[in-house]
Amino acid sequence: MKFSVCFVTAELAPHAKAGGLADVSAALTRVLHARGHDLLVVLPLHTALDRTGISLEPIDGLDGLSLQLGSQHFRYSILRGRRAPGLPDLVLVDCPALYDRSDLYGSAADEHLRFLLLSRAALDACRRLGFAPDILHCNDWHTALLPLYLRTTCAGEPLFARARSVLSIHNLGYQGVFPYAVAGDLGPAAALLDRGEAAEGRINFLREGIVHADTVSTVSPTYAREICTPELGMGLDGVLRARGDEIVGILNGVDTDAWDPRHDRRLPFHYSPGDMTGKARMREALCARLGLDAGLSRPLVGMVTRLAWQKGIDLLFDVLPEALSRRAISLVVLGSGDPVHEDYFSRLAADHPPLAAYRQGYDEELAHWIEAGCDAFLMPSRYEPCGLNQMYSLRYGTVPIVRRTGGLADSVQHFDPRTGQGTGIVFNDADPDAVRWALGHMAALYGERQAWTRMVANGMARDFSWDTAADRYLELYAQAASRPR
Ligand code: ADP
Ligand code: GLC
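Notes on the structure in this doc start here. (Residues numbered from 1 in each chain as written. Chains lettered and ligands numbered in written order. Predicted model: local features only at pLDDT ≥ 70, side-chain atom pairs only at ≥ 80, totals over all residues. Heavy atoms only, no water.)

A tally of regular secondary structure across the protein chain gives 17 helices and 18 strands. In summary, the protein chain has a C-alpha radius of gyration of 23 Å against a globular reference of 23 Å for 485 residues, a match within 12%. The buried share of the protein chain, reckoned over its 485 residues, is 60%. Across the protein chain, contacts joining residues at least 24 apart in sequence account for 72% of those joining residues at least 6 apart. Taking the average location of the 49 positive side-chain charges in the protein chain and that of its 58 negative ones, the two points are 3 Å from each other. (Helix = DSSP H or I, 4+ residues; strand = E, 2+ residues; numbered from the N terminus. Rg over C-alpha atoms; globule rule 2.2 N^0.38 Å. Buried < 20%, exposed > 50% of the residue type's maximum accessible area, 1.4 Å probe, protein only. Contact = heavy atoms within 4.5 Å. Lys, Arg positive; Asp, Glu negative; His and termini not counted. Charge placed at Lys NZ, Arg CZ, Asp CG, Glu CD.)

What follows is the structure, encoded as structure tokens:
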């Protein structure tokens, strides 16, 4: 069956990216388009959106549209963004009053309006382009109210008669919680809001989406189970459990157009399992670029991450200085976020030249260099819905050291030297001792060349292609499409 899919997202790689949502939006829509499904990919025309490779065109009749959200009136236009052959066109919502900001996300009082407008504009785009979706694919809290609009403003519209909503949760840690006072901005959807939440004086966008979407998915099987427990349910485990077995976990794939050491556009040297010379060159080039000691006697460990509580950075506070003082590892970190974490890494790098380097900020090219040039990649996440970097690491022959949680548990298998099976180092607990053990274990294995080479080869042989994940999404769409209203 061919589906017409309206895919609505706040991020899309490489143009507008804060994290993995961007990679997933780009890869999934590309694969579905390549398989002949009809895609309408809708996102905001953020000022921060990199327009390289997008040719923007006005669409007749979709200029100077207006939308009333509560007491505020917004004017916006819908533009078509043509891209390279093989990529679906984008539908970009241009509303400078809401999207002319330095970052993709903010904390101003109108944050909810930015994504209400995106959701309403996506429906308007369907109407005005005569696009009758089978599936309205919403992602995270930003677009989680779309299922409510489908049941209210769109009810009775023949264009939406077949439409079923799919809500994909990429991260339960961000729920879009706003004071109940903004309910008037929601229009007809406000009628469906949860009474209990209203009594508490708040609206929780993600919670509403979970309750009202036809189908709910998340980005790994383990996370799908974890979020139904009080430990990782972040207050929403009750509503998730209430959906019974319906929370489907689909492990993200790797976008091999962007992430493949054989032809990565951002790398000067390339390699494959059969010839790893390029990886050795990347290691030297990375060390030269960052002024790091390139000694092969100790493993070079990399991290590329948002610096947020989720990522377990605080577990490293004592462990990394100890390992660097013992000269057991070299380290390169790229990331930005929590100022406490940024200060920590700045100090760490200042205290341990030339064994440690830290680059604050967002740098797509350096992220690829780190994946290619390092021996190991550290992800001590407290929770991780899927995580992409551990899968990139496997593909790049860089041994992932991960905590057994969410998608990390589903994608990395702990290496057993006796059997030669396994792809990385997996530790159980979110505590510094566990990280200490994992780093020590990794460093010991690094010294055993045969075991190390085997572990690297096992990882490089793993296939996390989007084809498999796309098959699962298509099954999900088929299930959603067959649901009665
Ligand atoms: P999350 O979405 O929680 O941030 P993921 O592992 O799913 O985690 O995806 C993170 C994505 O963002 C990866 O593609 C990673 O390379 C990228 N990324 C994170 N921080 C940076 C940074 N500072 N510079 C470049 N890329 C980054
Ligand atoms: C989120 C999660 C991450 C996941 C990504 C894409 O930001 O934190 O684990 O890989 O979304 O689904």
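With that out of the way, let us pick up the packing of aromatic side chains. Scanning the entire structure with this criterion turns up 16 aromatic pairs. Look at Tyr105 and Phe115: their rings are 6.1 Å apart centre to centre, the planes differ by 40°, and that puts the pair in the tilted class. Placement of the pair is Tyr105 in the loop between α2 (96-99) and α3 (111-129) and Phe115 in helix α3, with a sequence separation of ten residues. We classify Tyr105 as partly exposed; its relative accessible area is 28%. Seen in terms of ring centroids, Tyr446 and Trp452 are 5.2 Å apart; in terms of plane orientation they differ by 90°. Their pairing is edge-to-face. On the accessibility criterion, Trp452 (4% relative accessible area) is buried. Taken together, the aromatic side chains of Tyr105, Phe115, Trp141, Phe178 and Phe205 make up a single cluster linked through ring pairs. Over the aromatic face of Trp369 sits the side chain of Arg289, whose NZ or CZ is 4.4 Å from the ring centroid. Directly above the aromatic system of Tyr446 lies the positively charged group of Arg449, at a separation of 4.8 Å from the ring centroid. (Phe/Tyr/Trp six-rings, centres within 6.5 Å; stacked < 30°, edge-to-face > 60°. Lys NZ or Arg CZ within 6 Å of the ring centre and 35° of its normal.)

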